[in-house]
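As a plain string of letters, each chain reads:
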Amino acid sequence: LDSAASELISRGEPCENLMFVDRIGALRLPNSIVVDCTASEEVVAQYEAILNASIPIVTPNKKAQSGEQERFVRLKRTARKRGVEFLY
């Protein structure tokens, strides 16, 4: 733990949201899941891409469920189509 921050700085790489979604989708790791513990609209904007990568989402973030109805329906439809969970 003492060197965690310096390791991230020296060996880590900047990550944009779309890059993160592409990376986790490309890894094709079994049993992957995204847990969103934010209240960020920016993260919610990535939900459809995450679900399209066949990665389930679990979140207490209410932005996707309390925003526009069309987006919520689209997310539920995408999860069903990809056979993954979208739990909130």
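All values derive from a computational prediction rather than experimental measurement.

(A) Local environment of the side chain of Thr59. Note on placement: Thr59 falls in the loop between strand 2 (57-58) and helix 5 (63-66). Owing to a relative accessible area of 3%, Thr59 belongs among the buried residues under this scheme. Of the polar contacts made by the side chain of Thr59, one reaches the side chain of Tyr47; its length is 3.1 Å. One polar contact links the side chain of Thr59 to the main-chain amide nitrogen of Asn61, over a distance of 2.8 Å. Excluding its chain neighbours within four sequence positions, the residues that come into contact with Thr59 are Asp36, Tyr47, Phe86, Leu87 and Tyr88.

(B) Representation of helix 6 (residues 69-82). Taking 1.5 Å as the rise per residue, helix 6 with 14 residues should run 20 Å; its terminal C-alpha atoms sit 20 Å apart, in good agreement. Every buried residue belonging to helix 6 is among Arg71, Phe72, Leu75, Thr78 and Ala79, and all of these are buried. Buried residues of helix 6 fall within an arc of 130 degrees about the axis and therefore sit on the same side. Facing away from the buried side of helix 6 by more than 90 degrees, the exposed set consists of Gln69, Glu70, Arg80 and Lys81. Against helix 3 (41-44), helix 4 (47-52), helix 5 and strand 3 (86-87) lie the buried residues of helix 6. Once helix 6 ends, the next one or two residues include Gly83, with phi positive near 70 degrees.

(C) Structural context of unusual backbone geometry. The backbone phi angle of Arg28 is positive, close to 50 degrees, even though this residue is not glycine. Here Arg28 shows up in the loop between helix 2 (17-27) and strand 1 (34-35). Accessibility expressed as a relative area gives 66% for Arg28, which makes it exposed. Residue Asn31 is not a glycine yet carries a positive backbone phi of 65 degrees. Among the structural elements, Asn31 can be located in the loop between helix 2 and strand 1. The exposure class assigned to Asn31 is exposed, which follows from its relative accessible area of 78%.

Cut-offs used in this document
- Residues numbered from 1 in each chain as written.
- Predicted model: local features only at pLDDT ≥ 70, side-chain atom pairs only at ≥ 80, totals over all residues.
- Heavy atoms only, no water.
- Helix = DSSP H or I, 4+ residues; strand = E, 2+ residues; numbered from the N terminus.
- Buried < 20%, exposed > 50% of the residue type's maximum accessible area, 1.4 Å probe, protein only.
- Polar contact = N/O pair within 3.5 Å; in protein donor to acceptor, adjacent residues only side chain to side chain.
- Contact = heavy atoms within 4.5 Å.
- Expected span 1.5 Å × (residues − 1).
- Arc of directions from axis to C-beta.

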